[in-house]
Amino acid sequence: MKSLHVEGATPLHRLSVRMKLAGLFIASLALFLTDDPLVLGGAMVLSALLFATVGVSFSEAVSRLAWPLVSIAVVAGATAFFETPVHGLVVFLRFATLILLAATITATTEVGDFMEEITRLMMPFERLGLVNAADIGLALGLVLRFVPEISTRYESLREAHAARGLPVRALKMLAPLIILTLKDADMIAMAIDARGLRRH
């Protein structure tokens, strides 16, 4: 499977997962404490510059960020229509900044490190009988692995449609994409159960 992680030796690569997650949490709080477009715009520029330092090529960056940013733009457009253009701009800048920061963290962190850290952070809740820490860590790891895989599947389907001379329409490819994804999920679930990775 394709991974979101990018090999590198930048300061962000060397920073611990806990510090990166704590930084993302603090940044999230700060972004929701202001509605100033200038402040949020500055934050988005800084987060974009930070993302540019992790070694992701331009084409790969577009592939990773295009759909999330388009989705945010749609929500921001609806906010601008039903409320005010300024509110719509604030929504876009705020969530675009968060996506850039999250993309930076996933690009500089191994999936296994994410899983271990989340499992450790969930241990207090497991002692209270609220969750299974290992299952949460495993679920996060699978999500991080499946996101780029779904994108790869979509590109394969798009190329297959184009090769057959069929019009490339996202809605037409949605059904086969969902079927292929569910098949992969089912196979992974069987592999997990066969290896006893989940604790019951």
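For the structure, check the block above.
Residues numbered from 1 in each chain as written. Predicted model: local features only at pLDDT ≥ 70, side-chain atom pairs only at ≥ 80, totals over all residues. Heavy atoms only, no water.

Asker: So what about the nonpolar core? Which residues, and what values?
Answerer: By size, the foremost hydrophobic cluster in this structure holds 10 residues: Val6, Leu12, Phe51, Val54, Val56, Ala61, Leu65, Leu100, Ala103 and Ala107. Elements with a minimum of two residues in this core: helix H4 (58-82) and helix H5 (85-107). When residues in this core are grouped by element, the largest group, 3 residues, is from H5. With near-sequence residues (within four places) excluded, Val6 lies in contact with His13, Val54, Gly55, Val56, Arg64 and Ala107. Core analysis: the next-biggest nonpolar cluster, separate from the first, contains 6 residues, Leu4, Val111, Phe114 and Leu144 among them. (Core = buried A, V, L, I, M, F, W, Y, C linked by side-chain atoms within 4.5 Å. Buried < 20%, exposed > 50% of the residue type's maximum accessible area, 1.4 Å probe, protein only. Helix = DSSP H or I, 4+ residues; strand = E, 2+ residues; numbered from the N terminus. Contact = heavy atoms within 4.5 Å.)

Asker: Let's hear about the packing of aromatic side chains: which residues, and what values?
Answerer: The final tally for this structure, using the stated rule, is 2 aromatic pairs. Measuring from centroid to centroid gives 5.7 Å for Phe32 and Phe95, while their planes differ by 80 degrees, and the two rings are edge-to-face. With Phe32 in the loop between helix H2 (17-31) and helix H3 (37-52) and Phe95 in helix H5, the pair connects residues that are 63 residues apart, well separated along the chain. Look at Phe32 and you get partly exposed, because its relative accessible area is 45%. For the pair Phe81 and Phe82, a centre-to-centre distance of 5.0 Å together with 90 degrees between the ring planes defines the contact as edge-to-face. Across the pair, Phe82 and Phe81 agree in class, each one exposed. (Phe/Tyr/Trp six-rings, centres within 6.5 Å; stacked < 30°, edge-to-face > 60°.)

Asker: Tell me about helix H6 (residues 111-127), residues and numbers included.
Answerer: Taking 1.5 Å of rise per residue, the 17 residues of H6 would be expected to cover 24 Å, and the 24 Å separating its terminal C-alpha atoms lies within 8% of that figure. Considering bend angle alone, the principal kink of H6 is centred on Leu121 and spans about 35 degrees; proline Pro124 follows within four residues of it. Looking only at H6, the buried set comprises Val111, Phe114, Glu117 and Ile118. The first or second residue beyond H6 is Gly129, which carries a positive phi of 80 degrees. (Expected span 1.5 Å × (residues − 1). Bend = angle between axes of the 7 residues up to and from the residue.)

Asker: Explain the side chain of Lys20 to me, using residue names and the numbers behind them.
Answerer: Mapping Lys20 onto the fold places it in helix H2. One buried charged residue, Lys20, forms no salt bridge at all, with the nearest opposite charge on Asp113 at 7.1 Å. Other than its neighbours up to four places away in sequence, Lys20 contacts Leu12, His13, Leu15, Ile105, Thr108 and Thr109. (Lys, Arg positive; Asp, Glu negative; His and termini not counted. Salt bridge = Lys/Arg side-chain N within 4 Å of Asp/Glu carboxyl O.)

Asker: Please give an account of the side chain of Thr34 that cites residues and values.
Answerer: Within the fold, Thr34 resides in the loop between H2 and H3. Polar side-chain contacts of Thr34 include one of 3.1 Å to the backbone nitrogen of Asp36. Not counting chain neighbours up to four residues away, the residues in contact with Thr34 comprise Val39, Leu40 and Arg94. (Polar contact = N/O pair within 3.5 Å; in protein donor to acceptor, adjacent residues only side chain to side chain.)

Asker: How would you sum up the environment of His5? Please name residues and give values.
Answerer: Positionally, His5 belongs in the segment before helix H1 (11-14). Relative accessible area serves as the criterion here: at 15%, His5 is assigned to the buried category. With 100 residues separating them along the chain, His5 and Ile105 place their C-alpha atoms 8.8 Å apart. Not counting the four nearest positions on each side in its chain, His5 is found in contact with His13, Thr106, Ala107, Thr108, Thr109 and Glu110.

Asker: Provide a residue-level description of the environment of Ser63, including the pertinent values.
Answerer: With respect to the helices, strands and loops of the structure, Ser63 is situated in helix H4. Residue Ser63 is classed as partly exposed on the basis of its relative accessible area of 36%. Taking the C-alpha atoms as reference points, Ser63 and Thr152, 89 residues apart in sequence, are found 9.9 Å from one another.

Asker: Talk me through the packing of H4 against H5; I want residue IDs and the actual numbers.
Answerer: Look at H4 against H5: their axes get within 8 Å of each other, and the N-to-C directions meet at 160 degrees. Taken together, H4 and H5 sit at an angle that is classed as roughly antiparallel. In this structure, H4 crosses over H5, and the sense of that crossing is right-handed. Here H4 contributes Arg64, Leu65, Pro68, Leu69, Ile72, Ala73, Val75, Ala76, Thr79 and Ala80 to the contact with H5, which in turn contributes Pro85, His87, Gly88, Val91, Phe92, Phe95, Ala96, Ile99, Leu100, Ala103 and Ala107. Classifying every residue of the contact of H4 with H5 gives 17 nonpolar, 3 polar and 1 charged. (Axes fitted to C-alpha atoms, helices over the stretch in contact; angles between N-to-C directions. Parallel < 35°, antiparallel > 145°, perpendicular 65-115°, else oblique. Left-handed = near helix turned anticlockwise from the far one by under 90°. Nonpolar A, V, L, I, M, F, W, Y, C, P; charged D, E, K, R; others polar.)

Just distances and angles here, no functional claims.
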